[in-house]
Amino acid sequence: MAPDSGDIWHNNPFPLIPVARLGPSADLGDAPVEAADSGNASIRTPILAELSHLVVDYLADRPAGGRRGRAIALVGRFGLGKSHALREVYATLAGQPDGPAVWIADEPAQDMGRMYRDRLRGPGDTPEGRRAFEELVRDYYAYVTANRIDAQGGDPRLGALDEVSAGLRDGSLDPGKVVSALRYDPTVIHTHLLGTLGEVTEHRRFAIALALLQEPPFTRMVWEWLRGGEPAEPLRERGITEAIGPSEGPGGPEQSAAGIHRVFDALAVQGFLHGRVGRPYALLMDSLEKVLEWPDESRRAFVDAFERLVDIYTSRGGLLVFCVSPSGLRALRPSVRERVVQLWPSGLGEEDTGRLVAAYVAAGGGSGPEAHRPAGPFGAEALGLLYELTEGVPREVLKTCRQAWQLSEEGEDRVVREVTAAKVLSAVRELHERVSRRQVAQDVHDALDLGQWRIATHDPVPVRRSSPPGTPEEVLYWLSAAPDAYLAVILTDSVLVAGDAERVVAHLHGLRNAVRPERFEALLVVRGHVSGPMQDRLGRAIGSRPLVYQQGDFAHSVDEALRQLDRRLTDGRQEQGLVRLGERVRRGLEEQSAQLAELRREVASWSAEARPQAAPHPVDVQLAPDPTAADLPGPVRSHFQEALTVLDVITRDTVERRMAEGTTMRPAAGTPTELGALGCATLVRALTEAFRGSVSAWHHTAPPGMPAEDRLGELRRICREYEYAVEVLPVHLLGNAGPPHPRTAARTVEALAEEVWGSLSAATSVP
């Protein structure tokens, strides 16, 4: 339905960069961040509802035995709204009348000392937060002092200590004055930390700092140290000699790892204090998967320290919520994953996609009766296509909506009356086709150099047929994978709708039929966008999944994809060779069966009164040389010669035995055992000759660029195919070939593949 003339929208309500950040650089308040953030509008999704329920349940949990801690992981790929959900958690916590202490890290950094000083937002960043923490420390001091008094028992010189202990617990007595009167050393805090927080190292530094925090001359110095600064001289004199998280210096990764542990120690101790006095506390951390890019030493240190923190928060009444990719979650130990509540956001449904668009349109405002059109200028067809192309990923939805809005602006006033489905298609193409075809072709060229791929000396399909004018499909390269076999690297633009897919599939099928299907594989490189369902559709139609261009390590992706297709092409040719071999063996068996039947008829026709004749004298079997195996190493030729000779001796002896028996008596047709042995020997001999041919071809041909490991793997596959074929045959019927052959015929053919593998693998060097 065309919009009424009164439906006019002006300013683009969708963010320029739809990425929510959690940290000091991002706005965490109520004011919208114009054109720069994805947090200006929100819709209620099942994941947000479940996360909110977990947070509210944590805040409402006040059991007598202490608050239950929990760790929550928001797991998923980029763009699904994990950071946005984390901001919703912050809003829930900050909206509490007596909100919990909250530490916020937008993402971990290898220089954890600098991150702790400059980017970690915590209670100590505001005067109110510092006063609350100082009060918390006094409460904790009172708690520890009361425990110390209870442990000492009554003392007539000091009066009723039970009353003193009760006064400390209910806050009516000043713990500092009590400590001064009782002459307790501040090490009571250290002793308690050491006894109750064994997971955290460096307790003494924090014990000293917490004790000095109560003394006005040291309060400012302690706060500077707690916020990551270097300790002042008075603190150094009292044993606090290092900053909590030093920047990486000459010590390299070792010093960086130490800084990581110290930062987590600080978070653990400060959180532990809240938990000990029964107050809620939370740590929100975004982009935990960043640590996967760190050097091994720093990454292991971070994962170890983070896992300790998870244990402390869950066991000491804290709330830890972090965002992580699936690969980042797998980097944690299974025992840690079991203690974490996992929430997996997914793409929005079609209805929620429309609600998200409507929420941003409403936040941006407009003129006209837009109340009757919740999604503003986006009609039902445009919304349906938007959902199909973006798969409901919120970041992709917002990026596409902004671009489609810009394409729909009219006149100098840049008003928008309608965003059509055609504009949505154009928006997707403009967003995802920003890298030129020339650059993509160059990256493909780099991949061919990387893998040393052989470019075909001539195109098997004329250029005008392989890359017709006017179509976006272009054959960049024909690669010669094997004699008369080709790999085609084909470049195309975004495949968005059914018509695009049909055009691509028809083009590839034409190339396949022109080359011959069994000798052709294609790698389709897409410059632009292909949704997941469309990738599956193309994969089913053309036989391989398309490779979508992405900046970064694209050359390695192309090289790996080509290697997989090359292996498939090689396996397909070998399978066809086995089929042809099986057909030849079948025809040979039919001919052999006919000859055996004729032989049985001749033997049966001999007269029982015929004069006995001596059995023919055995003759040595001389095999005709196989020219294809002439260049094989001597031991390998000997293995094949031995096996084929044994099989020929078995066949000769069986036939001669039947003929000799026929001169003395009129026998019945040959026994099933003898006929089975004769047929088995014939079939095994054909398989052995085919095996020798495959080994000879392997030995003569070494594909360019193939590593020695892959080449030996191909030999192992050839040998195993022969082993599998022999295993299913009744080779036990073959019997013994007699001297000078020391092994039975069955053992000779069963061991042939292993002997060939041992001789050839020993002769092939692996760098």
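See the structure shown above.
We now turn to the structure provided with this report. (Residues numbered from 1 in each chain as written. Predicted model: local features only at pLDDT ≥ 70, side-chain atom pairs only at ≥ 80, totals over all residues. Heavy atoms only, no water.)

Topic: the overall build of the protein
The test is simple: Labels follow the DSSP assignment, with helices taken as runs of H or I lasting at least four residues and strands as runs of E lasting at least two, numbered in each case from the N terminus. With a 1.4 Å probe rolled over the protein chains alone, any residue whose accessible area is under 20% of its type maximum counts as buried; one over 50% counts as exposed, and the rest are partly exposed. For this analysis, residues touch if any pair of their heavy atoms sits within 4.5 Å. Note on areas: Shrake-Rupley with a 1.4 Å probe; residue coverage comes only from the protein chains shown.
Looking only at helices and strands, the protein has 28 helices and nine strands in total. Of all 767 residues assigned to the protein, the portion counted as buried reaches 47%. Restricting to contacts in the protein with at least 6 residues of sequence separation, those with at least 24 account for 72%. With an accessible surface of roughly 37100 Å², the protein has 51% of that area assigned to carbon and sulfur atoms.

Observations concerning empty space enclosed by the protein
As a reminder, the rule being used: Detection works on a 1 Å grid of protein atoms alone, calling trapped sets that fit a 1.4 Å probe cavities and calling open sets with protein on both sides within 12 Å along at least five of seven lines pockets, with lining residues defined by an atom within 4 Å of a point. Grid points are joined across faces, edges and corners, and a volume is the space filled by probe spheres set on the points. Under the scheme applied here, ten amino acids are nonpolar (Ala, Val, Leu, Ile, Met, Phe, Trp, Tyr, Cys and Pro), four are charged (Asp, Glu, Lys and Arg), and all others, including Gly, are polar.
Inspection of the entire model under this criterion finds three cavities of 30 Å³ or more. If you add up the space inside the second largest cavity, you get close to 60 Å³. Considering the residues around the second largest cavity, the lining is formed by Leu288, Glu289, Val291, Leu292, Phe302, Val303, Phe306, Val324, Gly328, Ala331 and Leu332. The element contributing the most residues to the lining of the second largest cavity is helix α12 (residues 296-315), with three residues. Looking at the lining of the second largest cavity residue by residue, the class counts come to nine nonpolar, one polar and one charged.

A few points about the sheet that holds strand β9 (residues 547-548)
To be explicit about the condition: DSSP-based pairing: two strands are paired if at least 2 bridges between them are found. Here the axes come from fitting lines to C-alpha atoms, over the contacting stretch only for helices, and the angles between their N-to-C directions go from 0 to 180 degrees.
Pairing is mixed in the open sheet, where four strands are placed in the order β6-β7-β8-β9. The open sheet has two free edges, formed respectively by β6 (474-482) and β9, since each of these has just one partner strand. In this structure, β6 lies alongside strand β7 (residues 485-493), joined through seven bridges in antiparallel fashion. Directly across from Ser480, in β7, lies its bridge partner Tyr486. Where helix α19 (residues 437-451) meets the sheet, its contacts fall on β6, β7 and β8 (520-527), and the angle it forms with β6 comes to roughly 10 degrees. Along the sheet face, helix α21 (residues 498-515) touches β6, β7 and β8 and points at about 155 degrees away from the line of β8.

A closer look at the pattern of salt bridges
Pairing between side chains becomes possible if they bear opposite charge and their charged atoms approach one another. As a reminder of what qualifies: When a carboxyl oxygen of Asp or Glu lies within 4 Å of a side-chain nitrogen of Lys or Arg, that pair is called a salt bridge.
Throughout the structure, instances matching the rule amount to 38 salt bridges. Across the salt bridge formed by Asp559 and Arg563, the nearest N and O atoms sit 3.2 Å from each other. Linking Asp559 with Arg563, this pair stays in helix α23 (residues 554-605), spanning four residues, or about one helical turn. According to the relative accessible area criterion, Arg563 is partly exposed, its value standing at 22%.

Quick look at the packing of helix α15 (residues 350-364) against helix α16 (residues 380-390)
Describing two packed helices takes the angle between their axes plus the distance from one axis to the other. Applied cut-off: Working rule for angles: under 35 degrees goes down as roughly parallel, over 145 as roughly antiparallel, 65 to 115 as roughly perpendicular, anything else as oblique. The hand of a helix crossing depends on one turn: near helix anticlockwise from the far one by less than a right angle means left-handed, and clockwise means right-handed.
Contact pair α15 / α16: the axes reach a minimum separation of 10 Å and the direction vectors enclose 115 degrees. Classified by the interaxial angle, the pair formed by α15 and α16 is roughly perpendicular. For the pair α15 and α16, the sense of crossing is right-handed. In contact with Glu350, Thr353, Gly354 and Val357 of α15, α16 contributes Leu383, Gly384, Leu386 and Tyr387. Partitioned by chemical class, the residues of the contact of α15 with α16 number four nonpolar, three polar and one charged.

Considerations on the sheet that holds strand β4 (residues 319-324)
What the five strands build is an open sheet, ordered β2-β3-β4-β1-β5; its pairing is parallel. Because the sheet does not close on itself, it has two edges, and the strands there are β2 (101-105) and β5 (340-343). Direction aside, neighbouring strands of the sheet carry axes that sit 15 degrees apart on average. Bridge analysis of β2 against strand β3 (residues 281-285) gives five bridges, and the strand direction is parallel. Pairing of Ala105 across the sheet is with Met285, part of β3. Of the strands in this sheet, β1 (70-75), β3, β4 and β5 touch helix α1 (residues 46-60), which is tilted by about 165 degrees from β1.

Things to note about the nonpolar core
Using the following cut-off: Note on terminology: a nonpolar core comprises buried Ala, Val, Leu, Ile, Met, Phe, Trp, Tyr and Cys residues joined through side-chain atoms within 4.5 Å.
Residues Phe133, Phe264, Phe302, Phe306 and Phe322 are the most contacted members of the largest nonpolar core, which totals 63 residues. For this core, the element with the highest residue contribution is helix α11 (residues 253-276), accounting for 10 residues. If sequence neighbours within four positions are ignored, Phe133 has contacts with Leu210, Leu213, Trp223, Leu226, Gln270, Leu273 and His274. Ranked by size, the runner-up nonpolar core spans 32 residues in total, among them Leu632, Leu683, Ile718 and Leu734.

Focus: the side chain of Asn12
To keep things clear, this is the line we draw: Throughout this description, a polar contact denotes any pair of N or O atoms lying within 3.5 Å of each other; where both atoms belong to protein, one of them has to be capable of donating a hydrogen while the other can accept it, and for residues adjacent in sequence the pair is counted only when both atoms sit in side chains.
For Asn12, the position within the fold is in the segment before α1. For Asn12, the side chain forms a polar contact with the main-chain nitrogen of Phe14, separated by 3.1 Å.

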